[in-house]
Amino acid sequence: MANITIDGKQLTVKDGITIIEAIDQASVGLPRYCYHPGLSIAGNCRICQVEVEKMPRTVIACNTRVAEGMVIHTQSEKAKDSQQSVLEFLLANHPLDCPVCDQAGECKLQDYYMEYGLYDPKFNDLKVKKTKKAFPIGPTIMLDQERCVLCTRCVRFGDEITKTNDFGVFNRGHHSELDVYPGKELNNKYSGNVADICPVGALTDRDFRFKMRVWYLGSQDSVCPGCARGCNIEVHYEKSRPYHLKEKRVMRLKPRENQDVNKWWMCDEGRYAYKAIDDNRIKKTRYPGGPTTSAETLNGQSEKVLEAALEKLAAALKGAKPGSWGVIATPQSTNEELFLVRRLFRDALKVKDLAFWAPGQEGYQDDFLIRADKNPNMAGAKRILALDEKSGDITSVVERAKKGEIENLFVFSTDLAKVFGADTLKAVRSKVKTLVFEGPNGNPTADAADFVLPSSSYAEKDGTFTNFEGRVQRIRKAVEPVIGSLPTWLILSRLLFLLGQKVDYLRADDVFDDLAKTEPAFAGMNYKTLGKGGTVWAK
Amino acid sequence: MTEPVLSRNFTVADAWKMDVAENHGAYETAKKVLTTMQPDDVTNQVVAANLRGLGGAGFPTGKKWQFLPKESQKPIYLVINADEGEPGTFKDRYILERDPHQLIEGIIIATFAIRSKKSYVYIRGEYVESARRVQAALDEAYKKGYLGKGVFGSKHDLDIVVHRGAGAYICGEETALLNSLEGGKGYPRLKPPFPAIVGLFGCPTIINNVETIACVPHILKNGPEWFAALGSAGNGGTHLFGVSGHVNKPGVYELPMGTPLREMIEKHAGGVRGGKKLKAVIPGGISAKILTADEIDVKMDYDSLRAAGTMLGSAGVMVMDETTCMVKMLYYATKFFSHESCGQCSPCREGTGWAHKIVTRIYHGEGSLPDLDVLLKIARNMEGRTICVFADAAAWPIQSYIGKFRPEFEEYIRTKGQGIHRDYKEYDPRVGAPKQIGAH
Amino acid sequence: MIIEASGHPAALAKLDAQAQAILAKYDKKRAAMLTLLHLGQDTVGWVSPDVEAWAAKWTETPVVHVHAVVTFYSMYHQKPAGRHHVRFCTTTSCVLNGGEKLLGHVKKKLGIENGQTTPDGKVSLEEAECLCNCENAPMMQVDDAYHGDLDESKIDKILDGLQ
């Protein structure tokens, strides 16, 4: 351990760490471009200069190790002078693109200028022109060489993280240009991350291009539902321009740091899947005998329609012959929701045909982040429903339904046509008396159902997923449920209530607390202890 | 000075061939050292001789060798820096082309001293003839058993490889040279770690200039006291000084360390050409701060020039007479640095380019007086904040030319380029067409 | 020799023995990079994408990093140069000795600017930084040879003598 002082504050840190790591631990600010904790040290931007007593010149914090008794000043005259001079050098050739640059509002040249700069600029000459300006270098990323500060974060990302060697810095001196190999594209499964790590507007996301100014965005922590890894993310939604892009509320996803799950990264497929939150949402509740006109007029109206549908459904459930209902649950549901599925269908209604595992849906897996299992909560489903791939295989339920051995079928968000084919869906539909579909996005199964209960996407509710390593992680509500929809846990607790069961859940926290009481895997957990990083459950 | 040491074979015909070189004593000392001495004794002699690195930095050579780890699991490398590129310097080319066996003998003794079995000679790409001759000399040495397994039949093995650069001044910087030798761009490395600990391929490495290593056989032959006494206090030996510019006899001059600059120019190089008056002298390659005509009574060694506020550097003396326009010389100096900056770190990449743009504007008659202070600010902001000393080297000409010739710069700006010493007024190849100066 | 792009793969394929000999000198494959690029350029005339791929293969280096090396150093031509390449020095001592005017003379004589090649493909011109032949300033390098103490007539003789 080493005892050091940073800006007058004394701290004890591990021996051998760099000054910038110590500064970050102490939550003191220091400008930096090339330094990124997930990448090797480049030491080329030269802006992270600090004054260290007894050293003649300022030093870069990212490549200087702490020593016992070191006294560091990040904002002394000397340090500030060094930082400002580097800032001025970088801004000398930087194009005045702020009005048209997506990075504005989260740009490290802007931010550092306001925080550490505020000097009188002296550059009075023509700026260097570079070859590629506003040039798409692949399906996901746009390159602007003139904005680039040549920090080489993207080069190191391609060499060290994805090992796809996408980028290089060509030429020499102030004609240096960042680029991909001439004629090649940036085309790997993690390409979106380079727009995250680029501190300026040189590499920007094509999907997000010109969509919204970032100061109109709100952010909420959540977890990506794209596969069993559960990469930690931030959901960025518009919060001041509701009619800017009509009904699109979520603008983009960004990875959130979690050293135990996804480090600092997320895959492209997960990143761009945010569109499912707003696209193709089911907004109209449907039930036999219910109104067929649009239920999205006033918020109150659609609630009334959903309430009526639930009442009708509850009645159908109550009056049904024992064993006449089959349930296709889904590992897309949260732990809370699966807990209520168990309470409602297995415990209360004694349903025997209860399954959740859809065959043939495994996809690509790599040795980095992407898992073959494209569900966020397979582990939770298996544990809470006490089933595995064989005993929980929905094929048996679907077969029985096709044969007419199941009278009524409750489907949670799975599209039977996608898993088994349109013919199977037709066969099931023809044999089953009542088909209930509950889910956020439309699909052929929803179209064929008698009861359609629109439910919230993962971005519109609180809850937890359990990833493939048994880590229970929180998702949090970022935006309100789309008009007409409710979180699945709320729909299920309404049904439980209507069936005369004891229900006193006001929020998802309450459901989780109940789950933690009954299921040993979750013992001792609550939303507060799960925090931002999640907890691994007991084996 | 009595006998030439380093340059004694420069005018001997075909001295780059083995038979001629051996007739003049090549390899005798190396044979003796390898069969009768211990490695550390050799190093001690080099330390006692006050041999300083003759590439530009002047770091005590023996001390550098002593930085190597005592025990090393990894192989130790000796890399010869023959990437001569400092404007005003040409001395190493003479050794490479005219007496390469002197260098090879030095490598044999040095690798013996530092316990290295492999040496790379990094020769700048444009020195094609030098590379050919060194390779030919190596081939001859291998044939005679002076290289390869068991040098001179001793237990010392040694392989030497000639490696050609491809045109980049920055590869003369030690760690940039290593990166270039490893097959990459000439980007200098962050220090620490220093090459003696982590160098070529991550192994302990000593990088020495051609001339420095060429001194080693002489030190071992005649003893360190003799070598030290040839020079001045703390700066042992003779040195190959390159004198060029406005002198009557430009060329390589082997003189003792500590020879006064005035003597070098007036006596050895024949004085300023055409009987003109001296205006300024760059004492050590383009990076060295310039001296005015009344500052040339300084001794030419590392310590004296440092005390005089400049440096010996690569000993490339460039003489400027009264017809020289300092604005133009700064234009060409900043052009050099902006072309040769590797571009890795922000202050140098942007600063050298920015400085050249300003000086270009001034040179073409579109400058203003505040530009001079901006140039000095750029120079001050580049100094000490970069990965290597290239930025410092780029800053020094700016600071010293403006610092010592400010009235000339101000006059030039005020007269929009008429200047008092503009020595041509016709075709300006920089611009491409005859430029109407002052015709606003 | 300048070989047309379509002929590069065949020409490079003939260099296996030489490439192996070069690799054998170095402790790590990648260190052979600069030497291999020189060999490739000397064989086909410039560093084309084929040469880059060839060097990438032998040094086991991603080709983007080979390209970064090629664009960094001034001796590697990224497009075909002339049969003869002239590097005219434009740094301090050569300027002090009247190099500017002589460069103008060269440009006028050849009819080209910096970085260009004469229409007949004979000569290309490069304004170079210090070639370290200052004692013979002003000077230029034509192909491998240094020519110093230049004046207009000497330059004319040298350039006129090129085939």
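Residues numbered from 1 in each chain as written. Chains lettered and ligands numbered in written order. Predicted model: local features only at pLDDT ≥ 70, side-chain atom pairs only at ≥ 80, totals over all residues. Heavy atoms only, no water.

**A look at the domain arrangement of chain B**
Residues and elements named next belong to chain B.
Part 1 of the argument: Under the domain assignment, chain B is made up of domain 1 (18-230), domain 2 (238-321) and domain 3 (326-436).
Part 2 of the argument: Between domain 1 and domain 2, the C-alpha centre-to-centre distance is 27 Å.
Part 3 of the argument: Where domain 1 meets domain 2, there are one salt bridge.
Part 4 of the argument: At the junction of domain 1 and domain 2, the tally comes to eight residue pairs in polar contact (both at pLDDT 80 or more).
Part 5 of the argument: Counting residues per element, the side of domain 1 that touches domain 2 draws most heavily on helix α5 (residues 91-98), which supplies three residues. (Domains from an automatic or database assignment. Salt bridge = Lys/Arg side-chain N within 4 Å of Asp/Glu carboxyl O. Polar contact = N/O pair within 3.5 Å; in protein donor to acceptor, adjacent residues only side chain to side chain. Helix = DSSP H or I, 4+ residues; strand = E, 2+ residues; numbered from the N terminus.)

**Topic: the interface of chain C and chain A**
Part 1 of the argument: The interface of chain C with chain A comprises 12 residues on the first partner and 13 residues on the second.
Part 2 of the argument: For the interface between chain C and chain A, the tally reads zero salt bridges.
Part 3 of the argument: Counting residues per element, the ones that place at least two in the side of chain C that touches chain A are α4 (49-59) and α5 (63-72) of chain C.
Part 4 of the argument: Considering each element in turn, the side of chain C that touches chain A owes the most residues, seven residues, to α5 of chain C.
Part 5 of the argument: For the side of chain C that touches chain A, a count of residues per class yields seven nonpolar, four polar and one charged. (Contact = heavy atoms within 4.5 Å. Nonpolar A, V, L, I, M, F, W, Y, C, P; charged D, E, K, R; others polar.)

**A few points about the pattern of salt bridges**
All names here are of chain A.
Part 1 of the argument: One pass over the full model with this rule turns up 75 salt bridges over all chains.
Part 2 of the argument: The salt bridge involving Arg400 is made with Asp353; its shortest N-O contact spans 2.8 Å. Highlighted residues: Arg400 in helix α11 (residues 394-402) and Asp353 in strand β15 (residues 353-355), separated in sequence by 47 residues.
Part 3 of the argument: By relative accessible area, which is 12% here, Asp353 ends up buried.
Part 4 of the argument: In the salt-bridge network here, residues are joined through shared partners; they are Asp97, Lys129, Lys133, Asp144, Glu146 and Arg147. (Buried < 20%, exposed > 50% of the residue type's maximum accessible area, 1.4 Å probe, protein only.)

**Notes on the sheet that holds strand β5 (residues 71-73) of chain A**
Residues and elements named next belong to chain A.
Part 1 of the argument: Spatially, β2-β1-β5-β3-β4 is the arrangement adopted by the five strands of the open sheet, whose pairing is mixed. Edge positions in the sheet fall to β2 (9-13) and β4 (59-60), since each has one partner strand and no second.
Part 2 of the argument: Of the pairings in the sheet, the one linking strand β1 (residues 2-6) to β5 comprises two bridges and is parallel in character. Bridge pairing in β5 links Ile6 to Ile72.
Part 3 of the argument: Sheet strands in contact with helix α2 (residues 77-92) are β3 (49-52) and β5, and its direction is about 160 degrees off that of β3. (Pairing = 2+ DSSP bridges. Axes fitted to C-alpha atoms, helices over the stretch in contact; angles between N-to-C directions.)

**Details of the nonpolar core**
Part 1 of the argument: Membership of the largest hydrophobic core comes to 188 residues, with the highest contact counts inside it found for Phe167, Leu178 and Leu203 of chain A, Tyr401 of chain B together with Leu37 and Tyr73 of chain C.
Part 2 of the argument: Ranked by residues supplied to this core, first place goes to helix α16 (residues 390-414) of chain B with 12 residues.
Part 3 of the argument: Setting aside residues no more than four positions away along its own chain, Leu178 of chain A makes contact with Leu143, Gln145, Cys148, Leu150, Cys154, Val155, Phe167, Gly168, Val169 and Leu203 of chain A.
Part 4 of the argument: Of all hydrophobic cores here, the second largest spans 87 residues; its members include Val33, Leu34 and Val243 of chain B together with Cys130 of chain C. (Core = buried A, V, L, I, M, F, W, Y, C linked by side-chain atoms within 4.5 Å.)

**Remarks on the interface of chain B and chain C**
Part 1 of the argument: Counting residues at the interface gives 65 residues for chain B, matched by 42 residues for chain C.
Part 2 of the argument: Taken together, both faces of the contact between chain B and chain C bury some 4300 Å²; the carbon and sulfur share is 54%.
Part 3 of the argument: On inspection of chain B and its partner chain C, the count reaches five salt bridges.
Part 4 of the argument: Between Arg93 of chain B and Glu135 of chain C there is a salt bridge, with its nearest N and O atoms 2.9 Å apart.
Part 5 of the argument: On the surface where chain B and chain C come into contact, there are 28 residue pairs in polar contact (both at pLDDT 80 or more).
Part 6 of the argument: The element contributing the most residues to the side of chain B that touches chain C is helix α13 (residues 326-340) of chain B, with seven residues.
Part 7 of the argument: Looking at side-chain class alone, the side of chain B that touches chain C contains 31 nonpolar, 18 polar and 16 charged residues. (Buried area = accessible area lost by both parts, 1.4 Å probe.)

**Some thoughts on helix α7 (residues 99-110) of chain C**
Part 1 of the argument: Between its terminal C-alpha atoms α7 of chain C stretches 16 Å, which fits the 16 Å expected from 12 residues at 1.5 Å a residue.
Part 2 of the argument: Counting buried positions along α7 of chain C yields nine of 12 residues, so the element is predominantly enclosed.
Part 3 of the argument: Of the residues making up α7 of chain C, those classed as buried are Gly99, Glu100, Leu102, Leu103, Gly104, His105, Val106, Lys107 and Leu110 of chain C.
Part 4 of the argument: On its buried side, α7 of chain C packs onto α13 and α14 (346-363) of chain B together with β1 (84-89), α6 (92-96), β2 (123-128) and α8 (152-160) of chain C. (Expected span 1.5 Å × (residues − 1).)

**Observations regarding unusual backbone geometry**
Part 1 of the argument: Note the cis peptide between Pro192 of chain B and Pro193 of chain B, where omega equals 10 degrees.
Part 2 of the argument: Looking at the secondary structure, you find Pro193 of chain B in the loop between α8 (174-181) and β4 (205-209).
Part 3 of the argument: With an omega of -5 degrees, the peptide bond between Ala137 of chain C and Pro138 of chain C qualifies as cis.
Part 4 of the argument: Position of Pro138 of chain C among the secondary structure elements: in the loop between β2 and β3 (140-142).
Part 5 of the argument: Positive phi outside glycine occurs at Arg46 of chain A, with the angle close to 65 degrees.
Part 6 of the argument: With respect to the secondary-structure elements, Arg46 of chain A resides in the loop between α1 (19-25) and β3.
Part 7 of the argument: Assessed through its relative accessible area of 8%, Arg46 of chain A is described here as buried.
Part 8 of the argument: Positive phi, normally seen in glycine, also occurs at Lys54 of chain A, with a value near 80 degrees.
Part 9 of the argument: Note on Lys54 of chain A: relative accessible area 86%, which makes it exposed.

**Overview of the packing of aromatic side chains**
Part 1 of the argument: Tallied over the entire structure, the rule returns 35 aromatic pairs over all chains.
Part 2 of the argument: For the pair Phe512 of chain A and Tyr527 of chain A, a centre-to-centre distance of 5.4 Å together with 45 degrees between the ring planes defines the contact as tilted. Here the residue Phe512 of chain A occupies a position in helix α16 (residues 508-518), and Tyr527 of chain A occupies one in helix α17 (residues 527-530), the gap between them amounting to 15 residues. We note that Phe512 of chain A, like Tyr527 of chain A, is buried.
Part 3 of the argument: One aromatic cluster is present, formed by Trp325, Phe345, Phe410 and Phe412 of chain A through successive ring pairs.
Part 4 of the argument: Over the aromatic face of Phe72 of chain C sits the side chain of Arg172 of chain A, whose NZ or CZ is 5.8 Å from the ring centroid.
Part 5 of the argument: Over the ring of Tyr364 of chain A we find Lys189 of chain A, and its NZ or CZ is 4.6 Å from the ring centre. (Phe/Tyr/Trp six-rings, centres within 6.5 Å; stacked < 30°, edge-to-face > 60°. Lys NZ or Arg CZ within 6 Å of the ring centre and 35° of its normal.)

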